[in-house]
Amino acid sequence: MAKQSQVPLAAVIKPLAMLPTEETPPYLVDHGESGPIRCNRCKAYMCPFMQFIEGGRRFQCCFCSCVTEVPPHYFQHLDHTGKRVDFYDRPELSLGSYEFLATVDYCKNNKFPDPPAFIFMIDVSYNAVKSGLVRLICEELKSLLDYLPRGGNLEESAIRVGFVTYNKVLHFYNVKSSLAQPQMMVVSDVADMFVPLLDGFLVNVNESRAVITSLLDQIPEMFADTRETEMVFAPVIQAGLDALKAAECAGKLFIFHTSLPIAEAPGKLKNRDDKKLINTDKEKTLFQPQTNFYSNLAKDCVAQGCCVDLFLFPNQYLDVATLGVVTYQTGGSIYKYSYFQLETDQERFLNDLRRDVQKEVGFDAVMRVRTSTGIRATDFFGAFYMSNTTDVELAGLDCDKTITVEFKHDDKLSEDSGALLQCALLYTSSAGQRRLRIHNLSLNCCTQLADLYRNCETDTLINYLAKYAYRGVLNNPVKTVRDALINQCAQILACYRKNCASPSSAGQLILPECMKLLPVYLNCVLKSDVLQPGPEVSTDDRAYIRQLVTSMDVAETNVFFYPRLLPLTKVDVDNDALPAAIRNSEERLSKGDMYLLENGLNIFVWVGVNVQQGLIQNLFGVSSFSQISNTMVTVSNPCLKMLIIVKQEDKFEMLFKHFLVEDKSMSGGASYVDFLCHMHKEIRQLLS
């Protein structure tokens, strides 16, 4: 059935997701020195679906059916239904998600980990200093260091911090609490990177506060007159990695970087940007790193639990496809602010930085997904590294990252027992505690196509297909990837038409109820910047978006591919509820109204030419339509975005129209109506 319908089976998992306010955090179960109870054979963790037998002395694994002895300290009697009488008191027997405290066997080199460290690495080249970026970062860090993740109920954060500045050489700072002033040490031999000090590089914020504040005051002054424009990049990561190795801990590097690393050093890059490659067989090289140096560096970072977050401030081509490799493979995040300007981008950058520093992260993590007999995990998408076929290795995993897992059938499934998934994540918390987070899911199985098509998740399907396609462009021409997407969706819909729909004339397009929107969303993926770029989209933008989407959850891809469009004149100011969103098409916009469009990265406010003057005066503080400026003000939102004011018929309208995804796009993408006709034709061809 799975073959016939072509509907993929995949799970989008966010292991450390932020919880809604009304939910309690996962319970932490401590089984003492013997550690969590597991199946002897497949090593699955104790969960609500395990079957206790022989009066509670043994249990049968729900994943592999193997029978395991219950250790004496865990024994409990069963009630008349065969359930343990303590089942409600134990999270691992009654809840879908919970945590275990890990024992020393789950730790590297059989010793409990130290708390992680954060290293801030600041580009002090001419561009970074002149734009005001260096001063901004140093000012912000002074207060931000009070908000490092605490993990659990610690009084203060256990995370130690260190500081490096760099251009074509690296400057390390000794900020030991006993010093009156910070000391700088320069390493100019970037080909043979080493960390010139151990004691005093990574420190406790509260103990060294005076020295750190003094350093952050001095950095902008020290480099105020710099003329240095040449940069290194790989040695910066190498230095951070070496510092964590020396301190024997995991951690995160926060790298603030402005330009292509062309200085003589390992990992040096050349400008290879070439728009002429678009729509040729060589287009895939634009998404591939230009050297494998960074993949090898990433492997070393993962082994140490060194996660790299990258804040980029490019004024020209920077090669995100190459610079992003280490970030991507260590589970880090990339933030990009093209043509950074203090007045328009400062708030957005600071908001991203604050959230990035404060959010909960698990370090040195390994994730494994176990399944019951009949299906198995075969493919993984996301920001991580894999050295074998089962273990997803993550130097860091934060609360925003998802990992997408595809499953294939490898045996019979039964409608009676259904199918089970267990996702286990082993990680070190920001407090330095080794933990296991377990998520369990039980699913129904069906043998009828009609049941399958009644229960499909279109939003999850699109999330998976986009990630599959975005990985495909690394090795295939973009046109091949797009054609494969159209073909798979046509097969899914043709199978429904042939086997489930009531017979009707061939002239009708018949879609299953829960896939009514598949063609709309599919068209949005096909004409996205990665698969069909307009002339204004840079190579770096495409590489950046390709990596961004790979870690998105379902709600994020949903609004990223089909933006939210809200009529602002319909907003009820006294009510928190938003007005109903309207469809993304120019014909839905009325000249007398204003609309807000957002996709998770950008926010636009479109102002019609006939908007009432009173409204313009109230909102923009100017007296007429012609006086409204496009200045990008920022709005406070949990994740601040760039806000652009677009007046009907002005130059920014082209940019805005790019997001009206039901219309024909400048880059040749089909309108929704045309695409529906195309899909209908494809389906009819398959059926005939």
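The rules behind these values
- Residues numbered from 1 in each chain as written.
- Predicted model: local features only at pLDDT ≥ 70, side-chain atom pairs only at ≥ 80, totals over all residues.
- Heavy atoms only, no water.
- Helix = DSSP H or I, 4+ residues; strand = E, 2+ residues; numbered from the N terminus.
- Buried < 20%, exposed > 50% of the residue type's maximum accessible area, 1.4 Å probe, protein only.
- Pairing = 2+ DSSP bridges.
- Core = buried A, V, L, I, M, F, W, Y, C linked by side-chain atoms within 4.5 Å.
- Domains from an automatic or database assignment.
- Contact = heavy atoms within 4.5 Å.
- Buried area = accessible area lost by both parts, 1.4 Å probe.
- Polar contact = N/O pair within 3.5 Å; in protein donor to acceptor, adjacent residues only side chain to side chain.
- Nonpolar A, V, L, I, M, F, W, Y, C, P; charged D, E, K, R; others polar.
- UniProt positions renumbered as here; feature names shortened; annotations may be inferred.
- Salt bridge = Lys/Arg side-chain N within 4 Å of Asp/Glu carboxyl O.

### Things to note about unusual backbone geometry
Most peptide bonds adopt trans geometry, and most residues besides glycine take a negative phi value. Positive phi, close to 70 degrees, is recorded for S65, a residue that is not glycine. In this structure, S65 sits in the loop between β4 (58–60) and β5 (67–69). The class of S65 is partly exposed, set by a relative accessible area of 43%. One non-glycine residue, Y339, lies in positive phi territory at about 50 degrees. Mapped onto the elements of the fold, Y339 is located in the loop between β14 (334–336) and α9 (342–358).

### Topic: the pairing of strand β19 (residues 419–428)
Along any regular strand, the residues point their side chains to alternate faces of the sheet. Of all 10 residues making up β19, 10 are buried, and the element is well covered by its neighbours. Here β19 shows a buried face lined by A419, L421, C423, L425 and Y427 and a second buried face lined by L420, Q422, A424, L426 and T428. Bridge count for strand β15 (residues 361–371) against β19 is 7 bridges, and the pairing is antiparallel. Looking at β19, one finds that V369 is bridged to C423. Sheet analysis places β19 next to strand β20 (residues 434–443), joined by 10 bridges and oriented antiparallel. Its bridge partner lying in β20, C423 is registered against H439.

### Quick look at the sheet that holds β19
Pairing is mixed in the open sheet, where 6 strands are placed in the order β2-β6-β20-β19-β15-β17. Each having just a single partner strand, β2 (28–29) and β17 (392–398) make up the two edges of the open sheet.

### Structural notes on the nonpolar core
In this structure, L170, F172, I255 and L531 are the most contacted members of the largest nonpolar core, which totals 98 residues. Residue contributions to this core peak at 11 residues, all from helix α12 (residues 478–499). In this structure, this core is formed jointly by two domains, domain 2 (117–359) and domain 3 (448–562 + 664–687), each of which donates at least three residues. Core analysis: the second largest hydrophobic core is formed by 42 residues, L144, F223, F256 and Y337 among them.

### As for the domain arrangement of the chain
Domain boundaries assigned for the chain yield domain 1 (1–101 + 362–447), domain 2 (117–359), domain 3 (448–562 + 664–687) and domain 4 (563–660). Domain 3 and domain 4 are separated by 28 Å when their C-alpha centres are compared. Opposite the 10 residues of domain 3 that make contact, domain 4 presents 9 residues. With both sides pooled, the region where domain 3 packs onto domain 4 buries about 910 Å², and carbon together with sulfur makes up 60% of that total. Area buried by domain 3 at its contact with domain 4 is led by V559, F560 and Y562, which between them contribute 55% of it. Applying the counting rule to domain 3 against domain 4 returns 2 residue pairs in polar contact (both at pLDDT 80 or more). For the side of domain 3 that touches domain 4, the elements supplying multiple residues, two or more each, are α14 (539–550) and α15 (554–561). By residue number, the principal contributor to the side of domain 3 that touches domain 4 is α15, which donates 3 residues. For the side of domain 3 that touches domain 4, a count of residues per class yields 8 nonpolar, no polar and 2 charged.

### As for the UniProt feature "domain: Gelsolin-like" (unreviewed entry) in the chain
Under the feature "domain: Gelsolin-like" (unreviewed entry), the UniProt entry names residues 578–629. This span, residues 578–629, is 15% helix and 21% strand, and a straight line between its end C-alpha atoms measures 26 Å.

### Quick notes on the pattern of salt bridges
Side-chain pairing between opposite charges can occur once the charged atoms of the two side chains come close. Per the stated rule, a full pass over the model turns up 41 salt bridges. For D309, the salt bridge identified is with K252, shortest N-O distance 2.8 Å. Of this pair, D309 sits in strand β13 (residues 306–312) while K252 is found in strand β12 (residues 251–257), placing the two residues 57 residues apart along the sequence. Across the salt bridge formed by K359 and D398, the nearest N and O atoms sit 3.4 Å from each other. Placement of the pair is K359 in the loop between α9 and β15 and D398 in strand β17, with a sequence separation of 39 residues. Overall, the relative accessible area of 7% leaves K359 in the buried class.

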